[in-house]
Amino acid sequence: MKTEAARDEADGGYVPSPRRIERERFKRARARRATAVAALSTLVTAVVLYLVVTGSPGWPRTRETFFSAEYAAKALPKVLEGLLLNLRLLVVCGAAVLVLGLLLAVARTLRGPVFFPLRALATAYTDFFRGLPLIICLLMVVFGVPALRLQGVTTDPVLLGGSALVLTYSAYVAEVFRAGIESVHPSQRAAARSLGLSGGQTLRFVVLPQAVRRVVPPLLNDLVSLQKDTGLVSIAGAVDAVYAAQIIAGKDFNFTPYVVAGLVFVALTIPMTRCTDWVTARMDRRRAQGGLV
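Residues numbered from 1 in each chain as written. Predicted model: local features only at pLDDT ≥ 70, side-chain atom pairs only at ≥ 80, totals over all residues. Heavy atoms only, no water.

(A) Structural context of the overall build of the protein. Counting secondary structure elements, the protein contains twelve helices and zero strands. The order of α-helices and β-strands along the protein, N terminus first, is α-α-α-α-α-α-α-α-α-α-α-α. By the compact-globule yardstick of 19 Å for 293 residues, the protein is too spread out, its C-alpha radius of gyration being 28 Å. On the principal axes, the C-alpha backbone points of the protein span a range of 95 × 75 × 30 Å. Buried positions account for 31% of the 293 residues belonging to the protein. At a minimum sequence separation of 6, the contacts of the protein that also span at least 24 residues come to 74%. Just so you have it, the protein exposes about 18200 Å², and 66% of that area is on carbon and sulfur atoms. (Helix = DSSP H or I, 4+ residues; strand = E, 2+ residues; numbered from the N terminus. Rg over C-alpha atoms; globule rule 2.2 N^0.38 Å. Buried < 20%, exposed > 50% of the residue type's maximum accessible area, 1.4 Å probe, protein only. Contact = heavy atoms within 4.5 Å. Areas by Shrake-Rupley, 256 points an atom, 1.4 Å probe, with all protein chains shown as cover.)

(B) Summary view of the nonpolar core. Core analysis: the largest hydrophobic core is formed by 39 residues, its most contacted members being Phe-129, Cys-137, Phe-177, Ile-181, Leu-219 and Leu-226. Taken together, the elements giving at least two residues each to this core come down to helix H4 (69-109), helix H5 (116-131), helix H6 (134-148), helix H7 (157-183), helix H9 (199-214) and helix H10 (216-229). Sorting elements by how many residues they give to this core places H7 first, with eleven residues. In contact with Phe-177, other than residues within four places in its own chain, are Leu-98, Gly-101, Leu-102, Ala-105, Val-212, Val-215 and Leu-219. Grouped together as the second largest cluster of nonpolar side chains are ten residues, Val-79, Leu-83, Ala-261 and Val-264 included. (Core = buried A, V, L, I, M, F, W, Y, C linked by side-chain atoms within 4.5 Å.)

(C) Structural view of the environment of Leu-104. Turning to its location among the elements, Leu-104 is positioned in helix H4. Separated by 21 residues in the primary sequence, Leu-104 and Tyr-125 have C-alpha atoms spaced 8.7 Å apart. Apart from residues lying up to four places away in sequence, Leu-104 is in contact with Ala-122, Tyr-125, Ser-170 and Ala-174.

(D) Here's a closer look at unusual backbone geometry. At Arg-149, a position not held by glycine, the phi torsion is positive, near 55°. Inspection of the secondary structure assignment puts Arg-149 in the loop between H6 and H7.

(E) Inspection of the packing of H6 against H7 at higher detail. Close contact between H6 and H7 brings their axes to 9 Å; oriented N to C, the two are set at 140°. Between H6 and H7, the interaxial angle falls into the category oblique. Here H6 runs over H7; the crossing is right-handed. Here Leu-134, Cys-137, Leu-138, Val-141, Val-142, Val-145 and Pro-146 of H6 lie close against H7, whose contacting residues are Pro-157, Leu-160, Gly-161, Ala-164, Leu-165, Leu-167, Thr-168 and Tyr-169. (Axes fitted to C-alpha atoms, helices over the stretch in contact; angles between N-to-C directions. Parallel < 35°, antiparallel > 145°, perpendicular 65-115°, else oblique. Left-handed = near helix turned anticlockwise from the far one by under 90°.)

And the structure:
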C-alpha cells in the first residue's frame, strides 16, 4: 500500500524533503517561543510600571485630578457629541485641502514663461502659509474677519475655523503633490507627447495618476494631523470635543475631561495611522517587485 507522500510523488505533486519539514517545524517552534517571551516580558513590564506609578507619593492626588471615573463618565457623552463636529470638519476640510493643494501643485509645475505669475503666486501662498503657525492663522481668521464687519461675510466660528485649517493644510499638501509630480520621470511626458497627447492630457492621464499613487502615504499622514488639529477650532467658541471637555473641566477644576477628549482623539487617530503604515508597506512591496511605476 502506497503512502500519501508516495501517491503525491506518483501524481507529480511536490513532496517536501524531511530536512525541509524539520526546518519548517523548527521555525514554527521558534516563532511560538518568541511570542511567549514577548508576552511574558510585556506583562512583567506592565506590572512593574503599574507598581511604580501607583506607589508614587503623588499618585492619589493625580488619580483624583486626571483619572476620576466619576468625571470621566460625566464627560464622555458630551465629548462624543462634540466629536461629531470634529469629524465633519475632517471630512469637509480634508476634501477641500486635497483639491486646493492639487491645484496649487499643478500651478507650481506649469511650464512656460506665460505661467510665471501663476507660479509665483502659488509659491508665495505655499511659502507664507507653511511658515505661518496654525494657531496664528486661526486667531487671525476667527477673530480678525468678524472684526472687519464686512457685509455678507460669515461670522460662524466653525466655518471660519475650517477655512483657517484649509488655508494652512493646503500649503503642506501642495508640496506633497508637487513632490509626486516632479518624481515622474521626464521620459513619461516625452512619450505621452510623442503619442499625440497635449500638455493638459499628459498631465491628466499620465503624470497625475502616477504622482498621486506615489504620495498616498504622506497624504494620509497629513490627514491624520488635520484630524487632530480640528480640535483647535475650540478657540473660536465652537463646541467640539475639546471645548466640551473644557466646559466640564472649568466647572469643578477637574482635568479628567481633557484626558477623556485626548483618549478619544488617540482612539480615532490610531486606526488611521495603522492604515497609513499598511498602505506604505504595501506600496513598498509592489515597488520592490516592479509592479508600481
